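Notes for the structure review
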Amino acid sequence: MRDKNKRVKFIIGCVLTGLVFIMMLSGIFYTPFDPMEMNPSTKLMGPTLSHIFGCDNFGRDIFSRVMVGVRETMLVAGLVVIIGTLVGTIVGTITGYYGGWLDEIIMRLNDAVLAFPSVLLALLIIGLLGGGRNTLILALGIAFVPSFARIVRGEVLRIRNLDFIQCVKLYGASDLRIIFVHILPNLKTVLLSSILIGFNNAVLAEAGMSYLGMGVQPPNPSLGRMLSEAQAYIFSNPLNAIFPGIVIVMMILGFSLMAGGLEK
Amino acid sequence: MKYILKKISTLIVTLLIVSALVFFAFSFIPGNPAVSKLGTQATPEAIENLMHEMGLDRPVVTRYFEWIGGILHGDFGTSYSYNQSVTSLLKEKIVITMLLSVMAIVLTVLISFPLGIYAARKSDSKLDVIITSVNQFIMSVPSFFSGIIITLIFGVALKVFSPGGFVSYKQSFVRCLGYLFFPSISIALPKIAMVVKLLRDTALKEADKDYVRTAYSRGNRTRAVFYKHVLKNACIPVITFLGMAFADIIAGSLIVEQVFSVPGLGRILLTSISGRDYPVVEAIILLLSVFVVVSNLIVDLLYRKFDPRIHV
């Protein structure tokens, strides 16, 4: 019963994620209309056969913009998770393996940053460095480091004290060899699930930040910004806001169902 | 008592560190506030005068201590772009954002506990399956999108409230709360889903433990065992989560305020960031970190109440 439930969840997750990926990948080669082209005659048009999601306040085809916007969101979220995982793993491994005063200081700092909501931290960094996509990636990346560092540190600490590591040490293996050959490969399972969860949080954070106008700059499409633009016309064209929002939900739901199906 | 004092002293140290980081970070970034205020065509003398007036010609450390000293008297400095004291600028907005956040957390607790308890007690019933699936879906909807949907349903279609027609608490407290109800629901929704899931899962795990079986074997009734033992222990991780969620809720309200055009801290933070109005940004960040740190302290204290084993 439980197993079947999990499999169903996993399959639904794969289908949703697959749909988003197909939309994103085909958007690289082909979009039904030019996502940037403004057309006064189709301004704020509802969904039709040729414009299946309708058109926005500049007459741009929303479906084409969603296809490109998904790619932007994925790109930002992907890079954020990569920064978070890489830096987090380095910090977590060093502090967890060597311990001592360095561990104490870095982990105190880490916990202080962790207590701070990532959106707020990203806003602070954007306040310092100015807006735009690259700053957003950097800002969210930094905001995502502490959670990865904490998870990796805990895991490294656990593995380091296992018997087989003591045994390898007796054989005279160097610290570097122990870290790279014996500890890091064992982090795979833990990292995989935190990467999936982290990716979801990154998608949410990116959408939220670009909704606030702090991410991808216009006229480039992004899902969050499309929502905030469509909101001005919510009385006359409610559907404009619905479609980009549904795509965001599909992305997040797909990934969390997949992550839920994978865990034991 | 000693524990509380120790906690409060670490809290003050944390806040000092945060304030120093924020202040120095904003002092060292390139760009002269006096130049951006007067424009690039201003004469050097005018810039110098203004810098003197704004106190920018003095060393940064002196300015930091003056800033901190001012804050202790409730003075956060003067906004660059509004030419108004930051305190008077933010006073009303803080209350609005706090009202919104507190309402969201109260709604979260009020709605999620009954649902979570029901799902745990009737696990594997049809309704539990429905609650769990709906939960999964709700967790995937970002609060600004659910805010738009709530606006569409209750504002545009049913006309229960008028989107954008915020009434300040100064005019009518009841109508203000009535308007804030809708944004607070959209902030609370994902948190409700998470708490229900957490409460259900921990309660089920707890119900499998040996001491619960012992309690049954001694002839206790199911209800009594559930409420007195299982639920009490299942609450510990939920309280930790709620403490962390409160920080998230404050950050979330910054975004949702935009959706419902609520004039809270969110909008002024955004305009001050793009307008490089650093005194305002610094003050808001510091205030928000005070909320975060204090809510963490409250969680720590509650934690001790619920779990006497913890003596940190």
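Once a new chain begins, its residue numbering starts again from 1 and follows that chain's sequence as written. Here every chain gets a letter starting at A, and every ligand a number starting at 1, in the order they are written. Where totals are concerned, whole chains, interfaces and linings use all residues; where local detail is concerned, this predicted model gives features only for residues with pLDDT of at least 70, and gives and counts side-chain atom pairs only at 80 or more. Side-chain figures throughout are based on the complete set of non-hydrogen atoms in the structure, without hydrogens or water.

Moving on, we come to the overall build of chain A. Numbering of helices and strands starts at the N terminus; helices are DSSP runs of H or I of at least 4 residues and strands are runs of E of at least 2. Regarding its fold elements, chain A presents 10 helices and 0 strands. Principal-axis analysis of the C-alpha atoms places the extent of chain A at approximately 75 × 50 × 30 Å. Burial here depends on accessible area, computed with a 1.4 Å probe over protein chains only, as a share of the maximum for the residue type. Under 20% is buried, over 50% is exposed, and the range in between is partly exposed. Buried positions account for 53% of the 264 residues belonging to chain A. For this analysis, residues touch if any pair of their heavy atoms sits within 4.5 Å. A separation threshold of at least 6 residues defines the contact pool for chain A, and within that pool the share at least 24 residues apart is 73%. Here the Shrake-Rupley method, with its probe set to 1.4 Å, supplies the accessible areas, and only the displayed protein chains count as covering residues. By element, 68% of the accessible surface of chain A is carried by carbon and sulfur atoms, the whole surface being about 12400 Å². Positive charges come from Lys and Arg, negative ones from Asp and Glu, while His and the chain ends are left out of the count. Each charge is placed at NZ for Lys, CZ for Arg, CG for Asp and CD for Glu. For chain A, the distance from the average site of its 20 positive side-chain charges to the average site of its 15 negative ones is 6 Å.

A surface patch of like charges, here positive, comprises R121(B), K122(B), R221(B), R223(B) and K228(B). Relative to the assigned elements, R221(B) resides in the loop between α9 (210–217) and α10 (222–259). A patch consists of residues whose relative accessible area exceeds 30% and which take part in no salt bridge; residues with like charges are grouped when within 9 Å of each other, and nonpolar side chains (Val, Leu, Ile, Met, Phe, Trp, Tyr) when within 5 Å. Salt bridges are identified by distance alone: a Lys or Arg side-chain nitrogen within 4 Å of an Asp or Glu carboxyl oxygen.

Right, let's get into the interface of chain B and chain A. Contacts between chain B and chain A engage 32 residues on the former and 32 residues on the latter. Together chain B and chain A conceal approximately 3100 Å² of surface at their shared face, both sides included; 82% is due to carbon and sulfur atoms. Across the contact surface, chain B and chain A share 0 salt bridges. Listing elements by their share of the side of chain B that touches chain A, those giving two or more residues are α1 (2–28), α6 (126–139), α7 (143–157), α10, α11 (265–274) and α12 (278–306) of chain B. Side-chain classes are defined by residue name, with Ala, Val, Leu, Ile, Met, Phe, Trp, Tyr, Cys and Pro counting as nonpolar, Asp, Glu, Lys and Arg as charged, and the others, Gly among them, as polar. Counted by class, the side of chain B that touches chain A contains 25 nonpolar, 6 polar and 1 charged residues. The term buried area denotes the loss of accessible surface (1.4 Å probe radius) that occurs when two parts are joined, taken as the sum for both partners.

Residues M1(B), I4(B), L5(B), I8(B), I12(B), L16(B) and L301(B) make up a contiguous nonpolar surface patch of roughly 630 Å² in combined accessible area. When residues in the nonpolar patch are grouped by element, the largest group, 5 residues, is from α1(B).

It is worth spelling out unusual backbone geometry at this point. All names here are of chain B. Look at K159: it is not a glycine, yet its phi comes out positive at around 55°. Non-glycine residue S261 carries a positive phi angle of around 40°. Relative to the elements of secondary structure, S261 occurs in the loop between α10 and α11. With a relative accessible area of 28%, S261 lands in the partly exposed category.

Right, let's talk about the pattern of salt bridges for a bit. Residue and element names in this part refer to chain B. With the rule as written, the count across this model stands at 11 salt bridges over all chains. A salt bridge links E92 to K170; the nearest nitrogen and oxygen atoms lie 3.6 Å apart. Residue E92 is located in helix α5 (residues 86–121), and its partner K170 is located in the loop between α7 and α8 (173–207); the two are separated by 78 residues in the primary sequence. A salt bridge links D128 to R200; its shortest N-O distance comes to 2.8 Å. Here R200 lies in helix α8 and D128 lies in helix α6, a separation of 72 residues in the sequence.

Further remarks concern the packing of α6(B) against α8(B). All names here are of chain B. Relative to each other, α6 and α8 sit at 135°, their axes nearing to 9 Å. Judged by the angle between their axes, α6 and α8 are oblique. The handedness of the crossing between α6 and α8 is left-handed. Contact with α6, carried on its side by D128, I131, T132, N135, I138 and M139, involves L189, P190, A193, M194, V196, K197 and R200 of α8 and no other residues of that element. Note on method: axes are straight lines fitted to C-alpha atoms, helices fitted across the in-contact stretch only, with angles between N-to-C directions ranging 0 to 180 degrees. Should an angle lie under 35 degrees it is considered roughly parallel, over 145 roughly antiparallel, and from 65 to 115 roughly perpendicular; all remaining angles are considered oblique. For any helix crossing, the convention is left-handed if the near helix is rotated counterclockwise from the far helix by under a right angle, and right-handed if that rotation is clockwise.

Our focus in this paragraph is the nonpolar core. For this analysis, a nonpolar core means a set of buried residues of the types Ala, Val, Leu, Ile, Met, Phe, Trp, Tyr and Cys, connected via side-chain atoms within 4.5 Å. Counting 161 residues, the largest nonpolar core has V66(A), V70(A), L123(A), L90(B) and F260(B) as the members making the most contacts within it. Considering every element that reaches this core, the biggest residue donor is α10(B), with 18 residues. For V70(A), the residues in contact, after removing those within four places along its chain, are V20(A), M23(A), M24(A), L223(A), V247(A) and M251(A).

Before going further, it helps to spend a moment on the side chain of E206(B). As for its placement among the helices and strands, E206(B) is situated in helix α8. Contacts described as polar in this section are N or O atom pairs within 3.5 Å, which, within protein, must combine one atom able to donate a hydrogen with one able to accept it, while residues neighboring in sequence count only if both atoms come from side chains. Side-chain polar atoms of E206(B) contact the side chain of Y211(B), separated by 3.0 Å.

With 97% of its residues at a pLDDT of at least 70, chain B reaches an overall mean of 84. ipTM for the predicted complex: 0.84, alongside a pTM of 0.85. pLDDT runs from 0 to 100 and stands for how confident the predictor is about each residue.

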